[in-house]
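# Coordinates in review
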Amino acid sequence: MSGVEVITFGCRLNTYESEVMRAEAEKAGLNNAILVNTCAVTGEAVRQARQAIRRARRDNPHARIIVTGCAAQTEKETFAEMAEVDAVLGNEEKLKSASYRSLPDFGVSAEEKLRVNDIMSVRATAPQMVKHIDGHVRAFIQVQNGCDHRCTFCIIPYGRGNSRSVPMGAVVDQARRLVESGYCEIVLTGVDATSYGADLPGTPTLGLLAKTLLKQVPEIRRLRLSSIDGIEADKHLFDLIADEARFMPHLHLSLQHGDDLILKRMKRRHSSADARAFADQVRRLRPDISLGADMIAGFPTETEEMFENAASLAEDCGIAHLHVFPYSPRPGTPAARMPQLDRALVKDRAARLRAVGATLYARHLEGMVGSEQTILVENNGLAHTQNFTLVDAADLTPRALVPVSITGHNGKHLTMQVKQMAAA
């Protein structure tokens, strides 16, 4: 192979950073290299990264393989000891061209492979400018990194460091660049996006940032947020939900569970009542909004009654897009030291919670039949409505915004008919 190939795992922030990595590596003159940007959310994510590294070495025996990302930050020795790996970069180092210029030669020891500094010492997030997001029709902008909270199940703060925000002006400049490159939809992303601004002068909020973006860059056709914590939502965000047509009616919530005792043991900051109140409030403001959520099944000490409370919360909040994770103990986290459930029980509860999610999604699809939507066409024959529901859109041009009537669904995606444009 020649050039730089990037293999990305995990979140939208990783997707954005992979474009920065590619640009910085190419600026450094790196060639014949594979960059693996890992995720540490679950043990399965780490396993998949190791598997991809071995596959990459088999397919490209003479390429340099550089591993980075959250799993490389939290489990650096694990990757440095792999014979297939030539270097391991931390989450801060991966974004700097100097890191790629100073890579070690082939055949060095595991210790010499490491270029991973203490992520907790990082106090600022430098703005990173990209012109496109490879393979995506919507563009992501990093507005925040790191997390100051310490949920008992989560390893990510140890991979990303403490919360730090990108200055508002830099976000506006990046949005302008992406719009000029042809993107009509922007997604604001971060590790704990709703903590945005707490470390900046004047302590602006995520909602104020979004308002400012839409005012300063009126060419943005659609604006979305990545995963948010509803308990941190501010007045500006609620204003956007109620009044701004360009702010898309879809929010993905970091719920994690629906039982109050489990939420306390997770060290979450919301209760089940808070989650229900948030869902009710945003639906009053924007009746067509859809909600997604992350939830964990099989957390340590979870009883059957507690599991049922989680399923009930998903139903009560009308979660149309439910992402279920079987609990995965991450070494070094408090939850890993709690009494664990049998893995078969964890998997069974995850499957049952996914079944609840499937029922809620089917109900959501049925409720959208007969509606008028504007879809953003993807590269794979599908499209997304404003509220992020998938639509079959074969033969339509990727990146196009197309007005359609929803005619039905096939159990997975909506079906549609393109609306005829009025004659001039």
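Quick look at the structure, then. (Residues numbered from 1 in each chain as written. Predicted model: local features only at pLDDT ≥ 70, side-chain atom pairs only at ≥ 80, totals over all residues. Heavy atoms only, no water.)

## Remarks on the pairing of strand 18 (residues 414–418)
Walk down a regular strand and you will see the side chains alternate between the two sheet faces. As defined by bridge partners, strand 17 (residues 401–409) adjoins strand 18 across five bridges and the pair is classed as antiparallel. Each residue of the ladder has a partner; that of isoleucine 406, found in strand 18, is methionine 416. Between the end of strand 17 and the start of strand 18, which pair antiparallel, lie four residues, with glycine 411 showing a positive phi angle near 95 degrees. (Pairing = 2+ DSSP bridges. Helix = DSSP H or I, 4+ residues; strand = E, 2+ residues; numbered from the N terminus.)

## Description of the sheet that holds strand 2 (residues 33–38)
Pairing in this open sheet of five strands is parallel, and the strands run 1-2-3-4-5 from one edge to the other. In this open sheet, the two strands that pair with only one neighbour each are strand 1 (4–8) and strand 5 (114–115). In the sheet, strand 4 (residues 87–89) pairs with strand 5 via two bridges, with the strands oriented parallel. Paired with valine 88 across the bridge in strand 5 is leucine 114. Sitting on the sheet, helix 1 (residues 12–27) touches strand 1, strand 2 and strand 3 (64–69), and the angle it makes with strand 1 is about 160 degrees. Strand contacts of helix 2 (residues 43–59): strand 1, strand 2 and strand 3, with the helix running at about 165 degrees to strand 3, the strand carrying the most contacts. (Contact = heavy atoms within 4.5 Å. Axes fitted to C-alpha atoms, helices over the stretch in contact; angles between N-to-C directions.)

## Overview of helix 8 (residues 168–180)
Here helix 8 contains 13 residues, and its C-alpha end-to-end distance of 19 Å stays within 8% of the 18 Å for a straight helix at 1.5 Å per residue. Met168, Ala170, Val171, Val172, Gln174, Ala175, Leu178 and Val179 are the residues of helix 8 that are buried. On its buried side, helix 8 packs onto helix 1, strand 6 (139–142), strand 9 (185–189) and helix 9 (206–216). Directly beyond the C-terminal end of helix 8, a positive phi value near 110 degrees is found at glycine 182. (Expected span 1.5 Å × (residues − 1). Buried < 20%, exposed > 50% of the residue type's maximum accessible area, 1.4 Å probe, protein only.)

## Some remarks on the nonpolar core
Leu188 and Leu251 are the most contacted members of the largest nonpolar core, which totals 77 residues. Ranked by the residues each element gives to this core, the list is headed by helix 8, at seven residues. When neighbours within four sequence positions are excluded, leucine 188 is seen to be in contact with Ile141, Val143, Leu206, Leu209, Ala210, Leu213, Leu223, Arg224, Leu225 and Ser226. Val46, Ala63, Cys70 and Met82 belong to the second-largest nonpolar core, a separate cluster that totals 25 residues. (Core = buried A, V, L, I, M, F, W, Y, C linked by side-chain atoms within 4.5 Å.)

## Thoughts on unusual backbone geometry
Here the phi dihedral of phenylalanine 388 falls at roughly 65 degrees; this positive angle occurs in a residue that is not glycine. Mapping phenylalanine 388 onto the fold places it in the loop between strand 15 (382–384) and strand 16 (390–392). Notably, aspartate 395 is not glycine yet its phi reads approximately 75 degrees, a positive angle. You can call aspartate 395 exposed: its relative accessible area is 82%.

## A word on helix 12 (residues 272–285)
Over its 14 residues, helix 12 runs 20 Å from end to end, which matches the ideal 20 Å to within 8%, given 1.5 Å per residue. Every buried residue belonging to helix 12 is among Ser272, Ala275, Phe278, Ala279 and Val282, and all of these are buried. The buried residues of helix 12 occupy one face: seen down the axis, they fall within an arc of 125 degrees. For helix 12, the elements touching its buried residues are helix 10 (235–243), strand 11 (250–256), helix 11 (260–266), strand 12 (290–297) and helix 13 (304–316). (Arc of directions from axis to C-beta.)

## Overview of the sheet that holds strand 11
With respect to topology, three strands assemble into an open sheet ordered 11-12-13, the strand pairing being parallel. Strand pairing shows two members of the sheet lacking a second neighbour, strand 11 and strand 13 (319–326), which therefore form its edges. Within this sheet the neighbouring strands show an average axis-to-axis angle of 20 degrees, counted without direction. Sitting on the sheet, helix 13 touches strand 11, strand 12 and strand 13, and the angle it makes with strand 12 is about 175 degrees.

## Remarks on the pairing of strand 17
For strand 14 (residues 372–377) and strand 17, the ladder comprises five bridges, and the chain directions are antiparallel. When the bridges of strand 17 are listed, glutamate 372 appears paired with serine 405.

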